[in-house]
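Geometric and topological summary
Now for the letters of each chain:
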Amino acid sequence: MTQHEQWMKLALKEAEKAFEQDEVPVGAVVVHEGKIIGKGHNQTELLRDPTAHAEMIALTAAANHLKSRRLKNCTLYVTLEPCPMCAGAIVLSRVQTLVFGSYDPKAGACGTLFNIVEDKRLNHSPHVIAGVCDRESEELLKGFFGRVRSVPRSDKRI
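Report follows, based on the coordinates. (Residues numbered from 1 in each chain as written. Predicted model: local features only at pLDDT ≥ 70, side-chain atom pairs only at ≥ 80, totals over all residues. Heavy atoms only, no water.)

As for unusual backbone geometry
As a reminder of what qualifies: Only DSSP runs of H or I reaching four residues or more are called helices, and only runs of E reaching two or more are called strands; each is numbered from the N terminus. Here the term buried applies to any residue with accessible area under 20% of the maximum for its type, exposed to any over 50%, and partly exposed to those in between, with areas from a 1.4 Å probe on protein chains only.
With a phi close to 60°, Asp22 is a non-glycine residue in the positive phi region. Positionally, Asp22 belongs in the loop between helix H1 (3-20) and strand S1 (27-32). Residue Asp22 is classed as partly exposed on the basis of its relative accessible area, which comes to 38%. For Arg48, which is not glycine, the phi torsion reads 50° and is therefore positive.

Below you can see the structure in the form of structure tokens.
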């Protein structure tokens, strides 16, 4: 198992927490100098907050830990390709490396629909590594959406 896979397994544990809370199962961890300094999982339903994505929660925790909005020398591991909002936050926070699992065909902004994190017109571009533990991430997502689709429409939260 590679170092990236080891950290991604911890992001997957965060995604499992989201799954257990009936949230879209996405998890994220921020690593700095070999230590997790921020972690999060989707909490948009729980917090009734459209910005409560796993990445946003993990980035905020890491910024608080470092007492800086700039997350230099940090790596963000996230189980699903970030959306435009999260990709913008990754650029603004100056994350050094972004590692993600599954591509997101509906909202991916790191190569699928858009490529915000590698847009040279912006003032920062993290190094991007895609597809790490993608199968595990996809299985969680398929399990979640299979469960959601089995619930009658009138009973759905999501």
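Regarding the sheet that holds S1
Applicable threshold: By this definition, two strands are paired if DSSP reports at least two bridges between them. Between N-to-C directions, angles span 0 to 180 degrees; the directions come from axes that are lines fitted to C-alpha atoms, helices contributing only their stretch in contact. Contacts were defined at the residue level, with two residues in contact if any of their heavy atoms lie within 4.5 Å.
Strand order in the open sheet made by the five strands is S2-S1-S3-S4-S5, with mixed pairing throughout. In this open sheet, the two edge strands, each paired with only one partner strand, are strand S2 (35-41) and strand S5 (127-130). Averaged over all neighbouring strand pairs, the angle between strand axes comes to 15°, with direction disregarded. Contacting S1, S2 and strand S3 (74-80), helix H3 (residues 54-66) crosses the sheet at an angle of about 145° to S2. Sheet contacts for helix H5 (residues 134-149): S3 and strand S4 (97-102); angle to S4, the most-contacted strand, approximately 55°.

Here we look at the environment of Leu46
Along the chain, the position of Leu46 falls in helix H2 (residues 44-47). Here the alpha-carbon distance between Leu46 and Asp104, two residues 58 residues apart in the chain, equals 22 Å.

Observations concerning the packing of H1 against H5
Quick reminder of the rule: Note that the term roughly parallel is reserved for angles under 35 degrees, roughly antiparallel for angles over 145, roughly perpendicular for angles of 65 to 115, and oblique for everything else.
Between H1 and H5, the least distance of the axes is 10 Å, while the angle of their chain directions is 5°. With respect to H5, the element H1 is oriented roughly parallel. Along the contact surface, H1 presents Lys9, Leu12, Ala15, Glu16 and Phe19, while H5 presents Glu136, Ser137, Leu140, Gly143, Phe144 and Arg147.

Thoughts on H3
Stated precisely, the cut-off is as follows: A helix's residues, less one, multiplied by 1.5 Å, set its expected span.
Taking 1.5 Å of rise per residue, the 13 residues of H3 would be expected to cover 18 Å, and the 18 Å separating its terminal C-alpha atoms lies within 8% of that figure. Contacts made by the buried residues of H3 are with S1, S2, S3 and helix H4 (84-93). Positive backbone phi, approximately 55°, marks Lys67, located one or two places after H3.

Things to note about the pattern of salt bridges
As a reminder of what qualifies: When a carboxyl oxygen of Asp or Glu is within 4 Å of a side-chain nitrogen of Lys or Arg, the pair counts as a salt bridge.
Under the definition given, this model contains four salt bridges. The partner of Lys9 in a salt bridge is Glu136, and the shortest N-O contact between them spans 2.7 Å. Within this pair, whereas Lys9 is found in helix H1, its partner Glu136 is found in helix H5, the two being separated by 127 residues in sequence. Using a relative accessible area of 31% as the deciding quantity, one classes Lys9 as partly exposed. Between Asp119 and Arg121 there is a salt bridge, with the nearest N and O atoms lying 2.5 Å from each other.

Geometric descriptors of this kind do not, in isolation, establish any biological role.
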